[in-house]
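Structural description and commentary
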Amino acid sequence: MLSLAATALFATAASARLMDSLSAVPKGWTEVRQAALDEPITLKVALPQQHAEALEQAVIDMSTPSHPNYGNHLSRNELRSYTAPTEDAVASVVNWLSKKDVKSAVNNDWITFSTTVEKANELLNTTFAWYQYEKGGSPKLRTLDYSIPDELASQIDLIQPTTRFGQLGARKSSIFDMQILGPADGDEKKAKIAATGAAKADCRTSQITPACLKSLYNIQYTPSADGNLVAFASYLEEYARYSDLAKFESQWLPSASGQNFTVELVNGGKDDQASSSDSGEANLDIQYILAVSAPVPILEYSTGGRGPLVPTDDEPGPSSNEPYLEFLTYLLDQPDEKLPQTLSTSYGEEEQSVPAEYALKVCNMFMQLGARGVSILFSSGDSGPGDSCTRVGDDAAFFQPTFPGACPYITSVGATRGINPEAAVSFSSGGFSTLHARPAWQDSAVSAYLTSIGSTYSAFFNASNRGFPDVAAQGASFAVVDKGRDALLSGTSASAPVFAGVVALLNAARSEAGMKPLGFLNPFLYENAAAFNDIASGSGNGCGSNPVFGRNGAKWNATAGWDPVTGLGTPIFDKLLAAAAPGVENK
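The rules behind each value
- Residues numbered from 1 in each chain as written.
- Predicted model: local features only at pLDDT ≥ 70, side-chain atom pairs only at ≥ 80, totals over all residues.
- Heavy atoms only, no water.
- Helix = DSSP H or I, 4+ residues; strand = E, 2+ residues; numbered from the N terminus.
- Buried < 20%, exposed > 50% of the residue type's maximum accessible area, 1.4 Å probe, protein only.
- Contact = heavy atoms within 4.5 Å.
- Phe/Tyr/Trp six-rings, centres within 6.5 Å; stacked < 30°, edge-to-face > 60°.
- Lys NZ or Arg CZ within 6 Å of the ring centre and 35° of its normal.
- Core = buried A, V, L, I, M, F, W, Y, C linked by side-chain atoms within 4.5 Å.
- Pairing = 2+ DSSP bridges.
- Axes fitted to C-alpha atoms, helices over the stretch in contact; angles between N-to-C directions.
- Parallel < 35°, antiparallel > 145°, perpendicular 65-115°, else oblique.
- Nonpolar A, V, L, I, M, F, W, Y, C, P; charged D, E, K, R; others polar.
- pLDDT = per-residue confidence, 0-100.
- Disulfide = S-S within 2.5 Å.

Some remarks on the overall build of the chain
Scanning the chain from N- to C-terminus turns up 15 helices and 29 strands. With 587 residues in all, the chain has 57% of them scored as buried. Within the chain, contacts between residues at least 6 apart in sequence are counted, and of these 82% link residues at least 24 apart.

Structure follows, in structure tokens:
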């Protein structure tokens with residue numbers, strides 16, 4: 001006969017719905033210690049949207065050039081009418097929390113609450129602990145599973161950060177990365193500028209410059225600064241530096257001399273101009289968005305969400321916040337007039353490192369931004385088809401798509417190198433999502449590629465899913481200024497801001513013509529495949545450490561048409577301009 005205590009425990013377990021569960025601590029992570037019961041924790045509850053399918057269709061319609069609703073983006077309030085949860089869902093979750101004396105804040109389809117680890121453990125029938133990633137970064141407060149009362153299962157999509165481990169990282173090339181130049185290189189460069197009065201568009205493959213990019217992609221259009229805004233996202237305590245931008249302008253972009261950028265702080269983010277942390281990624285973003293899109297105003301979103309490694313009295317422990325959720329909920333809260341028309345991000349991680357329901361929710365939030373008229377670009381990654389190319393769970397050989405680079409509601413940017421002709425660069429990531437079905441707008445392009453390769457690698461990816469990247473741009477040996485030093489930097493983290501600069505120009509041209517911004521880009525891009533330089537040589541290489549693929553690893557080849565290394569190709573600006581803003585001249 002069961003004891004009363006055992007009966008009560010059995011009843012609790014039977015009435016709880018398991019929301020997510022990991023079979024073991026994710027590879028590369030180690031449990032540091034159990035969380036103290038009185039430690040603080042903040043969690044976000046995502047509620048089901050009442051009209052999710054209708055919103056998805058509305059976004060496709062407003063983003064498809066041939067559709068009557070093209071360009072009819074939603075205001076913040078109009079969007080919320082689609083994403084609002086039921087009143088019953090809100091009341092049920094708020095009441096569940098209040099029974100544990102936990103106060104909560106409701107923001108449309110999100111409920112945020114702060115409590116102690118002890119109460120979070122009770123609410124979610126779990127045990128939180130601190131975990132450390134083997135390659136560094138701050139510890140994360142996470143758990144391996146969580147449950148909710150069975151009666152709430154239909155009213156909650158997810159609660160995070162709980163089982164979401166992952167490791168956000170700048171998408172720099174591990175092959176090229178950053179190379180600091182010596183004084184002789186800098187002197188030669190300054191001598192050229194003094195002799196010509198401007199940075200020479202020589203397009204040497206050993207050093208890509210702003211003038212080279214404008215020449216290569218035929219960018220002659222000069223937009224108005226009024227009413228336009230392009231932004232980029234900074235994470236991991238990286239901050240773009242005003243002094244480095246000024247030096248970059250004087251050396252490489254004299255025509256933009258004096259243009260600066262503004263910074264908006266999100267979730268405790270900072271603008272520490274004296275920081276000793278890396279700043280190469282943030283400097284690359286600002287310098288090459290400016291290089292292509294000047295004089296369009298530029299905004300840096302500096303997002304916090306990672307606490308100190310060593311606790312202090314003022315900051316007693318590492319942050320448990322999740323940067324993507326904090327950043328996206330912040331952006332979606334902004335009034336219509338404060339949103340940028342174009343947003344570039346050069347950070348990402350493996351798709352399989354992210355809980356599926358979390359990845360789907362974040363992708364949905366990118367879709368919502370597209371619905372409000374924001375064009376979102378991400379670097380595709382720097383590992384070809386993957387690094388270890390091992391699937392979590394069964395250790396089978398499998399290609400590794402990136403997150404959020406494989407989300408269908410962002411524009412994923414791969415990388416090229418070389419001039420005549422351009423070719424895929426070896427680190428450019430691409431492939432096929434494990435989570436997202438192939439969208440209709442890329443079906444024809446991707447199907448043609450799959451037909452061309454037959455059964456090659458068919459066991460290692462899902463051919464029916466979303467293919468990425470969508471487009472590409474130069475990504476190797478970019479001349480940058482970082483902490484006062486001249487340097488070269490390579491990676492799809494260079495390609496993304498270049499293409500974002502192109503999109504910023506297109507949005508500015510549409511504004512000049514009295515048209516609405518492009519918003520979600522991909523249907524427009526695939527309908528205008530002829531506006532791209534098709535990249536048909538080179539490859540994205542990876543999987544070198546997996547013996548299944550042999551000594552040379554695996555690779556995606558760049559081929560005629562769309563391919564999973566360079567997408568549709570690199571921009572032919574005059575053709576894109578004609579498609580996006582008919583009648584606006586490229587001058």
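Some points on the packing of aromatic side chains
Following the criterion strictly, the structure yields 31 aromatic pairs and no others. Plain terms: the ring middles of Phe460 and Phe549 are 4.8 Å apart, the flat faces sit at 65° to each other, and that makes the pair edge-to-face. With a gap of 89 residues between them, Phe460 in the loop between helix H12 (443–453) and strand E22 (465–468) and Phe549 in the loop between strand E27 (539–542) and strand E28 (554–557) connect regions that are remote in the sequence. Overall, the relative accessible area of 18% leaves Phe460 in the buried class. Note on Phe549: relative accessible area 11%, which makes it buried. An aromatic cluster is built from Tyr235, Tyr301, Tyr324, Phe327, Tyr347, Tyr358, Phe366, Phe378 and Phe403, whose rings are joined through pairwise contacts. The ring of Trp110 is capped by Lys361, whose NZ or CZ atom sits 5.8 Å from the centre of that ring. In this arrangement the basic side chain of Arg391 is found over the ring face of Phe398, its NZ or CZ atom lying 4.7 Å from the centre.

Description of the side chain of Glu249
Within the secondary structure layout, Glu249 lies in helix H8 (residues 242–252). Excluding anything up to four places from it in sequence, Glu249 contacts Pro254, Ala256, Ser257, Gly258, Gln259 and Leu290.

Brief notes about the nonpolar core
Of all hydrophobic cores here, the largest spans 152 residues; its most connected members are Trp96 and Tyr288. Counting residues per element, this core draws most heavily on helix H13 (residues 492–512), at 12 residues.

Topic: the sheet that holds strand E24 (residues 478–482)
Judged by pairing direction, the sheet is antiparallel, and its 3 strands sit side by side in the order E11-E25-E24 without closing on themselves. Each of the sheet's edge strands pairs with one partner strand only, and the pair in question is strand E11 (178–180) and E24. This sheet shows a mean twist of 35° between the axes of neighbouring strands, independent of strand direction. Strand direction decides the pairing type here: E24 and strand E25 (residues 485–489), joined by 5 bridges, are antiparallel. Bridge pairing in E25 links Asp482 to Arg485. Of the strands in this sheet, E24 and E25 are in contact with H8, which crosses E24 at around 140°. Against the sheet, helix H9 (residues 280–293) contacts E11, E24 and E25, and its axis sits at roughly 120° relative to E24.

Description of the packing of helix H2 (residues 52–63) against helix H3 (residues 76–83)
For the pair H2 and H3, the least separation of the axes is 8 Å and the interaxial angle reads 135°. In terms of orientation, H2 and H3 fall into the oblique class. Of the residues in H3, those in contact with Ala52, Ala54, Leu55 and Ala58 of H2 are Leu79, Tyr82 and Thr83. Of the residues contributing to the contact of H2 with H3, the split by class is 6 nonpolar, 1 polar and no charged.

Examining the environment of Ser511
Tracing the backbone shows Ser511 in helix H13. Among the residues examined, Ser511 registers a relative accessible area of 36% and is labelled partly exposed. With 283 residues separating them in the primary sequence, Ser511 and Asn228 have C-alpha atoms 7.9 Å apart.

Describing the confidence of the model for the chain
For the chain, mean pLDDT is 89; residues scoring 70 or higher make up 89% of the total. Within the model, pLDDT remains below 50 along residues 190–200, and this stretch shows 16 contacts once partners closer than five positions in the same chain are excluded. This model gives residues 307–321 a pLDDT under 50, and the stretch forms 28 contacts once residues within four places in sequence are excluded.

A word on the sheet that holds strand E3 (residues 40–46)
Taken in spatial order, the 4 strands make up an open sheet running E4-E5-E3-E9, and their pairing is antiparallel. Single-partner strands in this sheet number two, and they are strand E4 (104–107) and strand E9 (158–160). Sheet twist, expressed as the mean angle between neighbouring strand axes with direction ignored, is 20°. Here helix H10 (residues 323–333) sits on the sheet in contact with E3, E4, strand E5 (110–116) and E9, set at roughly 55° to E3. Contacting E3, E5 and E9, helix H11 (residues 356–371) crosses the sheet at an angle of about 90° to E9.

Remarks on the state of the cysteines
Per the counting criterion, the structure on display carries 3 disulfides. What pairs with Cys203 in a disulfide is Cys212, and their sulfur atoms sit 2.2 Å apart. Where Cys203 bonds to Cys212 through sulfur, the torsion about that S-S bond is close to 105°, and the disulfide is right-handed. The same class applies to Cys203 as to Cys212, namely buried. Through a disulfide, Cys363 is tied to Cys407; the S-S separation comes to 2.0 Å.

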